[in-house]
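Report on the structure
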Amino acid sequence: MTKTIRELAADLAAGRITSVELTQRMLARAEAHRAQGGFAYISLDGEQALMEARASDAARAAGWVPSPLAGIPLSIKDLFDVKGQVSSAASQALADAPPAPADAAAVARLRAAGAVLLGRTNMSEFAFSGLGLNPHYGTPRNPQDRARVAGGSTSGGAVTVALDMAAGALGTDTGGSIRIPSAFCGLTGFKPTAASVSLAGTVPLSRSLDSAGPIARSVDCCAIMYAALSGQDIADNAPALKGLRFGFTTDFVGANVEPQVQQAFDRALDKLRAAGARVEQFDFPELLELPGINGGGGLVAAEAWHWHRTLLDEKGAQYDQRVAARIRRGQQQGAADYIDLLDARARLIAIAEQRLAPFDAWLMPSVAIVAPQIAPLEADDATFFATNGLVLRNASVINFLDGCALSLPCHSGGQLPVGLGICGLAGKDERVLQIGRAVEALLGTRE
């Protein structure tokens, strides 16, 4: 049943399957996964999903098919409001919050496109980790190797797609939380320009860096979901690779890359060169300033502290204490420190515009390492924080620069998944997706 959204839409249009049948199959897989100790979904909404599927089939029979997502089952990260449900952000501290009075803007857009919503997916508590561990609801396991993480924070969402428990997942990305689990699970994820998808009705982590987008099986799947989420018409053409100019840098994002990841990245660059693309190394030394800029916790800690300070006072004992410790770093930042962060961000964005101007896209390993083992991360704080920092490092650059990026598989068969990052600055979403289609076709690694 491993099919793209476009393929499933064709099956629905041809009558080879109904939305009810498709939804039933995915719900059955999800129930079996939970029964076997899987932790991808925090909650399933089977009755409501089947009601939506029946309505979709009836609308199709009457000639109403609002988009390629019509009748397609999707999963929703537990940050997004769904009317009548609790948005717990996978935290016990919000488990008794009142049900949402209305859908989040992103959820409403998916509903308007005709999607069927299956349930809420597990995640790093409050989306504050790139590893996906959760001490409250269990840690989703990597479908390729259950001893390894699925990646965070949209860990459950990635697992639902990888195991055919949803055709696509709605996630968020503050420092890589869509692209990291996509890379670790052999999937495709798209982090849009933050302003292009409304975050109204979403539990925030960092108002400056948060973005919402899809995890799915292909670039086309991500483009279909992004079109619904953003309200934009996204062309589905792919440019010829010959003559395109790609840049990569060893500054910061190219350091301390695991050999398997480096080999997969280099192989992808070689294939692009063989296809006639110009692939050039460039210097971006200003990226080396980022550890110093974010040394006090950065924008994430400052803005998370603003939102969490009262809840931490009331229910701090119910938090994942590793998450609480990172949020509390924001308490040490003053107003001047925060303004310095905003100024540093604006300065680096301006520099990035100059550095990237010659290129059609910026390429980098989505994550510097393959998915790490879970046990050492659970056992030792120092290992957890060091690994988390390295996992977040590359992807978070794009959030800081207010850019957009795809991660798509570039590993060889039989190896642990590796993600190739195809990146652009703000507003380049459609171009990045178009280039992603061409690169995906060349690499031929869609799961």
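Summary of the structure given here. Keep in mind that this is a model prediction, so the values were computed, not measured. (Residues numbered from 1 in each chain as written. Predicted model: local features only at pLDDT ≥ 70, side-chain atom pairs only at ≥ 80, totals over all residues. Heavy atoms only, no water.)

The next point concerns the overall build of the chain. The helix and strand tally for the chain stands at 15 helices and 13 strands. For 447 residues, the compact-globule formula gives about 22 Å, and the C-alpha radius of gyration of the chain, at 20 Å, lands near that figure. Referenced to the eigenvectors of the C-alpha coordinate spread, the extents of the chain come out at roughly 60 × 60 × 35 Å. The buried share among the 447 residues of the chain stands at 60%. In the chain, the share of contacts with a sequence separation of at least 24, taken over all contacts with a separation of at least 6, comes to 79%. Of the roughly 16,200 Å² of accessible surface on the chain, 51% is carried by carbon and sulfur atoms. Side-chain charges of the chain comprise 40 positive and 45 negative groups, with the mean position of each set lying 4 Å from the other. (Helix = DSSP H or I, 4+ residues; strand = E, 2+ residues; numbered from the N terminus. Rg over C-alpha atoms; globule rule 2.2 N^0.38 Å. Buried < 20%, exposed > 50% of the residue type's maximum accessible area, 1.4 Å probe, protein only. Contact = heavy atoms within 4.5 Å. Areas by Shrake-Rupley, 256 points an atom, 1.4 Å probe, with all protein chains shown as cover. Lys, Arg positive; Asp, Glu negative; His and termini not counted. Charge placed at Lys NZ, Arg CZ, Asp CG, Glu CD.)

With that settled, consider the nonpolar core. Note on soluble globular proteins: their nonpolar side chains tend to be buried together. With 136 residues, the main nonpolar core has L69, F246, W362, I422 and V439 as its most contacted residues. It is helix α7 (residues 219-230) that provides the largest number of residues to this core, a total of nine residues. Apart from the residues within four sequence positions on either side, F246 is in contact with L241, L272, A277, R278, V279, E280, F359, A361, L363, I435 and V439. Core analysis: the next-biggest nonpolar cluster, separate from the first, contains 14 residues, V149, I180, L377 and V391 among them. (Core = buried A, V, L, I, M, F, W, Y, C linked by side-chain atoms within 4.5 Å.)

Residue S153 follows G152 across a cis peptide bond; omega there is 5°. Despite not being glycine, A127 has its phi angle at roughly 65°, a positive value. In this structure, A127 sits in the loop between β3 (116-121) and β4 (141-142). Relative accessible area serves as the criterion here: at 5%, A127 is assigned to the buried category. Phi at N256 takes a positive value of approximately 50°, unusual for a residue other than glycine. Its place among the elements puts N256 in the loop between β9 (245-248) and α8 (259-274). Relative accessible area serves as the criterion here: at 65%, N256 is assigned to the exposed category.

A word on the packing of helix α2 (residues 19-35) against helix α3 (residues 46-61). Where α2 contacts α3, the axes come no closer than 8 Å and their chain directions differ by 160°. By the criterion of interaxial angle, the relationship of α2 to α3 is roughly antiparallel. You can see that α2 and α3 cross each other, and the crossing is right-handed. For the pair α2 and α3, the contacting residues are S19, V20, T23, Q24 and L27 in the first and G46, A49, L50, A53, R54, S56 and D57 in the second. Here the contact of α2 with α3 is composed, by residue class, of five nonpolar, five polar and two charged. (Axes fitted to C-alpha atoms, helices over the stretch in contact; angles between N-to-C directions. Parallel < 35°, antiparallel > 145°, perpendicular 65-115°, else oblique. Left-handed = near helix turned anticlockwise from the far one by under 90°. Nonpolar A, V, L, I, M, F, W, Y, C, P; charged D, E, K, R; others polar.)

Within the open sheet, the 11 strands sit side by side as β1-β3-β2-β6-β8-β7-β12-β13-β11-β9-β10. Their pairing is mixed. Looking along the sheet, the strands with just one partner apiece sit at the ends: β1 (41-44) and β10 (278-281). Averaged over neighbouring strand pairs, the angle between their axes works out to 25° when direction is ignored. As paired strands, strand β7 (residues 188-191) and strand β12 (residues 404-409) are joined by three bridges and run antiparallel to one another. Within β12, the position partnered with G189 by the bridge is S407. (Pairing = 2+ DSSP bridges.)

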